[in-house]
Amino acid sequence: MPKDAPVNTGASDQVPAGSWSRVSEMQARLHRWAAADPGRRFDDLFNLVHDPATLIVAFDRVAGNHGANTPGADGLTVAWIEQRVGAGGFLDEMRTALKQGTFRPLPVRERKIPKPGGSGKVRKLGIPVIADRVVQAALKLVLEPIFEAGFLPVSYDGPQETFTGTPQGGILSPLLANIALSVLDEHLTGPWKPGGAMSTPGRRAVRRRKGQPTWRVVRYADDFVVLVDGCRSDVTAVHEEIATVLAPLGLRLSPAKTRIVHMSEGFDFLGFRIQCAASEGRASGTPAPSSPTGRSGR
């Protein structure tokens, strides 16, 4: 049965010295508890989110980001806040609003930026206001060590209005993608676990002799590739299986960004070109694994 985990006894009203050290210790403690007991239930996490030390570290991280002086919908930048209000006063007001339940996020400012590769296409980037960025950073500081304890090694941290989720550019976006898509990781890596159909080289060899496919998934947030050693019908079956796993999560594969390609054709993933080339001992016409590459969406 899941156990309750009271993670702290209440946040101090005084800003402590050594905020980074305090937050680091808090994260180590949360990660240790989550790793030791995967069924553990964590209560009282909100006190950690609005703890003065957490907010200080969150503000420092936002201030250190490349877009710190890119304003959101309210026009405020980190530099303006530091010069006109002061980080301390800004965080005091934010902490009060969080504790009283009056804090409300603002709509993001939409900005279109060119897609990499020189295609001439653009993608939408949502720019939250500084206050929302700080809250997201604080949430990430608290939630990430808990969820990362259960993440698998295969995961690495649109023209209509968005009313749910987090936009591209949001600090929490990669973490939330990892949380949601960990279900896909578990499904696709299940056969590789001890006792599974692909758990040993011998078992994988038996599958290949029987004409059955093997596969591997690599994922970074909502971008992922599945490498399939099999024929095209096997790849199509894995593609349909992925769609079935994503559906209950309210997610679907993006038709525009999902492709099934032969490794000899190659594909682009995270800025790298991945392609199987002919080498000594292997004729250029020898079949290579096929790969569905995809991106989830709503």
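Note that the structure is a prediction, hence the values are computed from the model and not measured.

A. Examining the overall build of the protein more closely. A tally of regular secondary structure across the protein gives nine helices and twelve strands. Of all 298 residues assigned to the protein, the portion counted as buried reaches 38%. Only carbon and sulfur atoms are counted for the fraction: they give 55% of the accessible area of the protein, which is about 16800 Å².

B. Representation of helix 6 (residues 130-148) in the model. For helix 6, built from 19 residues, the straight-helix expectation of 27 Å at 1.5 Å per residue is met to within 8% by its first-to-last C-alpha distance of 26 Å. Its maximal kink placed at Val142, helix 6 deviates by approximately 35°, while the proline Pro145 follows within four residues. Burial analysis of helix 6 places 15 of its 19 residues in the buried class, which makes it a mostly covered element.

C. Region of interest: the packing of aromatic side chains. Summed over the entire model, instances satisfying the criterion amount to one aromatic pair. A cation sits over an aromatic face here: Arg216 above Trp192, 3.6 Å from the ring centre.

D. A look at unusual backbone geometry. Look at Asp44: it is not a glycine, yet its phi comes out positive at around 65°. Position of Asp44 relative to the elements: it lies in the loop between strand 2 (41-43) and helix 2 (45-49). If you check the backbone angles, Leu270 has positive phi at about 55° while not being a glycine. Looking at the element boundaries, Leu270 is found in the loop between strand 10 (267-269) and strand 11 (272-274).

E. Spatial organisation of the packing of helix 3 (residues 52-64) against helix 5 (residues 87-100). Where helix 3 meets helix 5, the closest approach of the two axes is 10 Å, and the angle between their N-to-C directions is 125°. In terms of orientation, helix 3 and helix 5 fall into the oblique class. Remark: the crossing between helix 3 and helix 5 carries right-handed chirality. Contacts between helix 3 and helix 5 involve Pro52, Leu55, Ile56 and Phe59 from the first element and Ala87, Phe90, Leu91, Met94, Arg95 and Leu98 from the second. The residue makeup of the contact of helix 3 with helix 5, split by class, is nine nonpolar, no polar and one charged.

What counts and what doesn't
- Residues numbered from 1 in each chain as written.
- Predicted model: local features only at pLDDT ≥ 70, side-chain atom pairs only at ≥ 80, totals over all residues.
- Heavy atoms only, no water.
- Helix = DSSP H or I, 4+ residues; strand = E, 2+ residues; numbered from the N terminus.
- Buried < 20%, exposed > 50% of the residue type's maximum accessible area, 1.4 Å probe, protein only.
- Areas by Shrake-Rupley, 256 points an atom, 1.4 Å probe, with all protein chains shown as cover.
- Expected span 1.5 Å × (residues − 1).
- Bend = angle between axes of the 7 residues up to and from the residue.
- Phe/Tyr/Trp six-rings, centres within 6.5 Å; stacked < 30°, edge-to-face > 60°.
- Lys NZ or Arg CZ within 6 Å of the ring centre and 35° of its normal.
- Axes fitted to C-alpha atoms, helices over the stretch in contact; angles between N-to-C directions.
- Parallel < 35°, antiparallel > 145°, perpendicular 65-115°, else oblique.
- Left-handed = near helix turned anticlockwise from the far one by under 90°.
- Contact = heavy atoms within 4.5 Å.
- Nonpolar A, V, L, I, M, F, W, Y, C, P; charged D, E, K, R; others polar.

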